[in-house]
Amino acid sequence: MTRPECLVSCLLAMLLCASASLSAGLTLYISPKGNDKANGLSASPGKAGGPFRTLERARDEIRARKQAGTLPVGPITVELAAGIYERDAAFALEEQDSGTAEAPITYRAKPGAEVRIVGGKVVKGWQTVTDPATLDRLDPAARGKVVVTDLKAQGITDYGKPGGGWASGAVLRLELFYNNEPMGLARWPNEGFVRVKDVTDEKPVDVRGTKGSKAAKFIYDGDRPERWLKMGEKDVWLQGWWFWDWAEERQRIASIDPERKLITLEEPPVHPYGYRKGQWYYAYNALCELDQAGEWFLDRENGLLYFWPPQPLAQSVATVSLIPNLLTMKQVSHVTLRGLTFETCRATGITMSGGTENRIVACVVRNTGSYAINMGGGTKNGVVGCDTYNMGDGGVIVDAGDRKTLTHAENFVDNCHIHHYSRWNRIIKPGIGLYGCGNRATHNLIHDAPHKGMLFGGNDHLIEFNEFHSVVYEANDAGVIYAGYDWTMRGHEIRYNYFHDIYGFEGRGCVGVYLDDMFSSAHIHSNVFYRVPRAAFIGGGHDTTIENNIFVDCKPAIHVDARALGWASGSYDTLVSRLKAMPYETEPWRTRYPQLLTILDHEPMRPQGNIVARNICVGGRWDEVDAKARPGVMFIDNLLDQDPQLVGAKKLADPKAFPVATDFALKPQSPALKLGFKPLPVAQMGLYQSPDRASWPVRHTVRTKERDILDAAAKGATASPAGGAPRGPLATLKVSRCGSADPRVTAPTADGDLKPEEWGGEAKVVVLEQGLDGGKVAPASRAWLLHDGRCLYVAVDNTVNKDQPLQTKDEWGGSDAVELAFRSLSGASAPILVLRGYPNGAFHSDDEAGAPAAAVKQAAAGVVYRCKVLGPDRWVTEWQIPLASLGIDPSKQPKFFFSLTVRKSGGPTWVQWQGTRDKCTWQADNAGTLELGR
C-alpha cells in the first residue's frame, strides 16, 4: 500500500469510528440514590460521575445538549434504576423535549427492575386509638383495631372533598392506599345498598310514567341515620343511583329529621333527574361506620386519619395521594415510556396532548383518582401492552382526529389489560374511550367495572380482537360498548371481539354493543357473544349491519326498536342540528357516507337500511324487533336453533365451565358454513404474548351471575346488590287442570263477574306484588289461573290508589291495564306474544315484542276477554285464551315462559307476578314459566 493510500485508509477508518460513535446515541442514568450534580453517564457512582437523581435533571441535560449542538446522533435513552421516585409535581415534557424519527427518546426502567413513580406520600406515626370520646364513636368491633395518624404534623393539609359522580366535574380528593391497594372510606352498609323508602310530594317529576321528585330529600327506612346524629357525624355523604341506574351522584347530607325519617341533601347540586322511591344508595365518610378491616376515615377539620389496617403495620406501607398528575406531555413527539409504574395520584396518571409517534409501552398505571391515560389530539400515538387498574374513573381515553375533514389520527390502544376501574365515579367512565376520527382499540382485555367497557363517538374507529367480561354489573340500561344520539358518527367497525359473562345489575340484563338513541351506521361483524343480554342493539338508528356473529345464550341476540317514532320523536331537531353541523354534502363526506345526502328525504325518524345477515344463534332468544322497526331490517340466512357444531360444545353445556374464545370455532361440517358464514379468528381474540407486555401470563377471574345474584341473596336484603329481592332461578307457576284435583271445579266462565270460588277459592290465589326490579310494591293485585287442556283461564282482581282514579282508555302506558305475555321454550326464534286488556272492555294482541304479524293476529283468535269496574279503586278482568292460538300444544309443551303484569296509573306503575328485571314488562323469559298440570 502506498503512503497516500494508507492515509486515505486511516482517514476512512477514523470517519467510520466517529460515525459509529455518533450513531450510538446517548444513554443517561437515573437512580433514587443518584445526584443531580453528577453527569448521568454511568449507572453507578464513581470518579467519572454517576446517575442523576431526578427525571427533570435528565430532561434538562438533553435540552442543554440540543441547544449546544453536542447531542450525539442516534437514539437517546434515559434509564431508571429500581426504586421509588416520589413526586411533588407531575414530570412535564414539552415540545422541546421531543425526539425525532431517527433519534427517538426513550424513558425506560432498567431491564428487570421495578421502577415506581409515585404521586403520594408514605404516612407514618400510627397510634392505636385510645381517646375515650373517639372510642365511644367507634363500633365495638373496631375498638383496639383502629389506628390514627396526624396528617397535618406530616405537612399534609390539602384533603379535597369526598364528592363526585355522573354529573360532576373533576373532583380531586385524598385517598388512602395500603400495600398498593385502594382502601375504602368507612361506609354503611359494608356491601351493597339500601333503598329509598319514598320521596316527598314536592317538585314532582314524571318521565314517561316513571315518577319521582326534584326536591333533594327523601324518606329513609330503619333507624341507621339516627346513629349518625347521635355520634355527632358532621360530614356524612351518600352515593346514590337516585333516579336512573345510569346516573349516580355523591351528595352530602345537610340534615336528618328522625321524627319524619327525612334526609335532606345539601344543595347544590340537586341531582339532574331527581329522586325516586326504590332507588339505591349507601352512606360513607362517617367515623362510626369504620367497622371492618380496610376502611378509613379522615377528620378533615383536624387532619386526623383513622384506619383499620387489614395487614400488620410493621410489614406494610400506607400512602396517601397528593398530586393531580404524574406525567404530562404537551406537543411532544417520538418519545417512548417503557416498563415504568405510575401510581397514586388524584387525577389522571398520564396526559398526552398533541404530538406524533409517542408510545407508552409495557407500563403499569394504577391507583389514580381519575383515568390512567388520556391522549388528546396528535397522530400515531399509542398505548401498548400496559396494565392499568384501580382507577377512580376509567382506563384510557383517546380523542384525536378531525371529524369535519375526516382526517384519521391513527392513535391506538393495543394489547392492554384494563380492569377494576370506576372505583370512585361508577357511571360512564369506560375502560377505553375512542373519540374524534380514525383511532383504534385492539387486542385489549377489559373486565371488572360497574359500567361500560368502551365508549366511542366520532367517525371511522376500529374496535377489534378485544375481550370483555364482568362489566356493567351495577347498571342495566347500559352497554359493554356504547355510542348514541347522532346520525353522522359513521364508519365504525366492531369485529373479532369476544364478549362473555355480562349480566347487568342484579342479573336484570344490559346490552352488549349498544347503539343508543338513533345512532347510525356501524358494522358489527365476526364477534362472539356468550351470555350477553341484548347482545347487539340498534336503538332506532339507520344503516347498521350485524353479520357473521356467534350468539350463544343471549336474551335476545338482536334488538331493533323504532323509538324515534314514539317516545323519542322529540329528538328530531337535535339530530338535524348535529347533521347540519357536519359538512355532509361536501367531500369527503358525500363519498364516504352517501346515505346522509338523502336522510332527510325519507322519514328519517323511521329506522331504515339495517341488515342482519349470516349470524349464528344458539340457545337464549333470537330477536326482539319492534314491529314498526321490522320493515327497516333485512334478515338474510341466519342460522337459528340448529347445532352449529362448535368445537367447545361440551364446555358450553357445562354451567360450571368457563369457555374461552377458541371454544367457539366451527367444525368443518358446520351447517353455517354452507350459508356463507366465515370462520372467526378466535385464536387471536384478546391479549397476546409480546416483549411489549407489562406482564405475562395474565390471570383474571370471571364474575359469574351466580356470584353476583345468588350469593347476594344469602346475605339478606341489606347486603344484596340493591337491598331488594335478588334474582334467583326463574319461578314456575303450576296451573291446575279443571277437575283434576277437585271435580267440583269446572272451567270458569269468562264473563267479568269474578267469583273466587269459581276459580278454586283463596287456596288458588296468586299474589301480584313485585315491581319491575323484583322488589315488593303495594297495593298488590290478585290472580287465579286454570286450564282445561284446551284453554288457559286467567282472572285478575286489581286494587288501585283511591286518590288517583282509573284511566280507562285502551292506551298502553297511559291507562290501567292487564298484560299477559307468553313465549314457547322451543328455541331462540320463538316470538313473544302479548295480550293486553283495559278497563273499558277493549283487548289487543300487541306487536311490541316484535312477533310476526301473522302470529300477533293468531294470538287473538278465539280469545274471550271481559272486565268490570267495581269502583274508583277496584276493577276485575277474566280471560279465556285458546292455547292453540298461542301455538301451544299442552300434550307436547306443558311448560312455557309467562309474565303477568298490571299497569296502575295511580302507582305503583307496574305490579307483576314476577319482576322481569327489565324495562319491558313483556319479557316473559325474564319472569317465569307456567306449567300446565295433567
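Residues numbered from 1 in each chain as written. Predicted model: local features only at pLDDT ≥ 70, side-chain atom pairs only at ≥ 80, totals over all residues. Heavy atoms only, no water.

Participant: How do you make sense of the overall build of the protein when you look at a structure like this?
Facilitator: Each helix and strand counted, the protein has 10 helices and 71 strands in total. Scaling as 2.2 N^0.38, a compact globule of 934 residues should have a C-alpha radius of gyration of about 30 Å, and the protein matches this with 32 Å. In terms of principal-axis extent, the alpha carbons of the protein reach across some 125 × 75 × 50 Å. Residue burial in the protein is summarised as follows: out of 934 residues, 57% are buried. Restricting the contact set of the protein to residue pairs at least 6 apart, pairs at least 24 apart contribute 67%. (Helix = DSSP H or I, 4+ residues; strand = E, 2+ residues; numbered from the N terminus. Rg over C-alpha atoms; globule rule 2.2 N^0.38 Å. Buried < 20%, exposed > 50% of the residue type's maximum accessible area, 1.4 Å probe, protein only. Contact = heavy atoms within 4.5 Å.)

Participant: Help me understand the nonpolar core, please; the structure alone is not making it clear to me.
Facilitator: If you look at the biggest cluster of nonpolar residues, it comprises 89 residues, and the most contacted ones within it are Tyr107, Leu337, Phe342 and Phe551. Phenylalanine 342 has contacts with Ile117, Leu326, Leu327, Leu337, Ile350, Cys363, Val364, Val365 and Arg366, leaving out every residue within four places of it along the chain. Listed in part, the 36 residues of the second largest apolar core include Leu733, Leu768, Val818 and Leu835. (Core = buried A, V, L, I, M, F, W, Y, C linked by side-chain atoms within 4.5 Å.)

Participant: Honestly, the environment of aspartate 299 in this entry has me stumped. Any pointers?
Facilitator: Its place among the elements puts aspartate 299 in strand β24 (residues 295-299). Once the C-alpha coordinates of aspartate 299 and glycine 632 are considered, the two residues, 333 residues apart in sequence, prove to be 60 Å apart. Leaving out residues up to four positions away in the same chain, aspartate 299 has contacts with Leu304 and Tyr306. Of note is the side chain of aspartate 299, whose polar atom sits 3.2 Å from the backbone nitrogen of glutamate 301. There is a polar contact of 2.9 Å between the side chain of aspartate 299 and the side chain of asparagine 302. (Polar contact = N/O pair within 3.5 Å; in protein donor to acceptor, adjacent residues only side chain to side chain.)

Participant: Just checking my understanding: could you explain the sheet that holds strand β48 (residues 511-516) for this structure?
Facilitator: Two modes of strand pairing occur in sheets, parallel and antiparallel, and in both the strands are linked by backbone hydrogen bonds. Taken in spatial order, the 12 strands of this open sheet run β4-β27-β30-β33-β36-β39-β42-β45-β48-β51-β54-β57, and their pairing is parallel. The open sheet has two edge strands with one neighbour each: β4 (91-93) and β57 (623-625). Going across the sheet, the axis of each strand differs from the next one's by a mean of 5 degrees, ignoring polarity. The sheet contact formed by strand β45 (residues 479-484) and β48 spans five bridges and is parallel. Across the sheet, the residue bridging to tyrosine 482 is tyrosine 514, located in β48. (Pairing = 2+ DSSP bridges. Axes fitted to C-alpha atoms, helices over the stretch in contact; angles between N-to-C directions.)

Participant: What should I look at first to understand the side chain of asparagine 358 in this one?
Facilitator: Counting through the fold element by element, asparagine 358 comes out in the loop between β30 (350-353) and β31 (359-361). Of note is the side chain of asparagine 358, whose polar atom sits 3.2 Å from the backbone nitrogen of histidine 334. Setting aside its immediate chain neighbours within four residues, asparagine 358 contacts Met329, Val332, Ser333, His334, Val335, Met352, Lys380, Asn381 and Gly382.

Participant: Please explain the pairing of strand β2 (residues 76-80) as it appears in this structure.
Facilitator: Each regular strand displays side chains that alternate between the two surfaces of the sheet. Burial analysis of β2 places five of its five residues in the buried class, which makes it a mostly covered element. By the bridge criterion, five bridges tie strand β1 (residues 26-30) to β2 in an arrangement that is parallel. Of the residues in β2, the one forming a bridge with isoleucine 30 is leucine 80. With five bridges connecting them, β2 and strand β5 (residues 105-109) associate as parallel partners. Paired with threonine 77 across the two strands is threonine 106, which belongs to β5.

Participant: Is there a simple way to think about helix α2 (residues 55-68) in this case?
Facilitator: Because each turn of an α-helix spans 3.6 residues, side chains separated by three or four positions in sequence point in the same direction. In this model, α2 (14 residues) spans 20 Å end to end at C-alpha, consistent with the 20 Å of a helix rising 1.5 Å per residue. Within the span of α2, buried status applies to Leu55, Ala58, Arg59, Glu61, Ile62, Arg63 and Arg65. As for α2, its buried residues are in contact with β1, β2, β4, β5 and β6 (115-118). (Expected span 1.5 Å × (residues − 1).)

Participant: Could you clarify how one ought to interpret the sheet that holds strand β13 (residues 184-185) in this entry?
Facilitator: Across the sheet, five strands lie side by side as β8-β9-β25-β24-β13; this open sheet has mixed pairing. Lying at the two open borders of the sheet, with one neighbouring strand each, are β8 (127-128) and β13. Both strand β9 (residues 147-150) and strand β25 (residues 304-307) contribute to a ladder of four bridges, which runs antiparallel. Paired with valine 148 across the bridge in β25 is tyrosine 306.

Participant: Would you mind going over the packing of aromatic side chains with me for this structure?
Facilitator: Any aromatic ring pair is given by two values, namely how distant the centres are and how the planes are angled relative to each other. Overall, the coordinates contain 37 aromatic pairs when judged by the stated rule. Plain terms: the ring middles of tryptophan 244 and tryptophan 246 are 6.3 Å apart, the flat faces sit at 5 degrees to each other, and that makes the pair stacked. Among the aromatic side chains, those forming a connected cluster through ring pairs are Phe193, Trp241, Trp280, Tyr282, Tyr284, Trp424 and Phe505. In this structure, arginine 187 packs its charged tip against the face of tyrosine 282, placed 3.7 Å from the ring centre. Stacked on the ring of phenylalanine 412, the Lys or Arg arginine 440 has its end atom at 4.3 Å from the ring centre. (Phe/Tyr/Trp six-rings, centres within 6.5 Å; stacked < 30°, edge-to-face > 60°. Lys NZ or Arg CZ within 6 Å of the ring centre and 35° of its normal.)

Participant: Sorry if this is basic, but what is going on with unusual backbone geometry here?
Facilitator: Residues apart from glycine generally show negative phi values, whereas peptide bonds are mostly found in trans. Omega for the bond connecting glutamate 587 with proline 588 falls within 30 degrees of zero, at 0 degrees, which places this linkage in the cis form. By secondary structure assignment, the location of proline 588 is in the loop between α5 (572-580) and α6 (589-592). At the junction of alanine 778 and proline 779, the peptide bond is cis and its omega measures out at 0 degrees in the coordinates. The backbone phi angle of asparagine 367 is positive, close to 60 degrees, even though this residue is not glycine. With respect to the element layout, asparagine 367 can be found in strand β32 (residues 364-368). According to the relative accessible area criterion, asparagine 367 is buried, its value standing at 0%. Although it is not a glycine, tyrosine 485 sits at a positive phi angle of roughly 70 degrees. Taking relative accessible area as the criterion, tyrosine 485 reaches 25% and is therefore assigned partly exposed.

Participant: Just checking my understanding: could you explain the environment of glycine 813 for this structure?
Facilitator: Within the secondary structure, glycine 813 is located in the loop between β63 (791-799) and β64 (817-823). A residue is classified by how much of its surface remains accessible, and glycine 813, at 35% relative accessible area, is partly exposed. Distance from glycine 813 to aspartate 643, taken between C-alpha atoms, is 40 Å for residues 170 residues apart in sequence.

Participant: For this particular structure, what's the right way to read α5?
Facilitator: Those residues of α5 that fall on the buried side of the exposure criterion are Leu575, Val576 and Leu579. For α5, the buried positions fall inside an angular range of 95 degrees around the axis, keeping them on one side. (Arc of directions from axis to C-beta.)

Participant: What is the right way to read the side chain of asparagine 610 from this model?
Facilitator: Here asparagine 610 lies in strand β55 (residues 610-613). Of the polar contacts made by the side chain of asparagine 610, one reaches the backbone oxygen of glycine 541; its length is 3.0 Å. Not counting chain neighbours up to four residues away, the residues in contact with asparagine 610 comprise Ile538, Gly541, His542, Asp543, Thr544, Gly632, Val633 and Met634.

Participant: Quick question: what am I supposed to make of the pattern of salt bridges here?
Facilitator: Under the criterion given, the structure shown has 47 salt bridges. A salt bridge links arginine 63 to aspartate 97, with the nearest nitrogen and oxygen atoms 2.7 Å apart. With arginine 63 in helix α2 and aspartate 97 in the loop between β4 and β5, this residue pair connects regions lying 34 residues apart in the sequence. When its relative accessible area of 4% is taken as the criterion, aspartate 97 is described as buried. The closest approach of N and O atoms between glutamate 819 and arginine 836, which form a salt bridge, is 2.8 Å. (Salt bridge = Lys/Arg side-chain N within 4 Å of Asp/Glu carboxyl O.)

Participant: How should I be thinking about the environment of glycine 906 in this particular structure?
Facilitator: Summarising the element assignment, glycine 906 is placed in the loop between β69 (895-903) and β70 (910-912). Along the backbone, glycine 906 and threonine 586 are 320 residues apart, and their C-alpha atoms lie at a distance of 53 Å. The contact partners of glycine 906, leaving out residues within four places of it in the chain, are Asn801 and Gln804.

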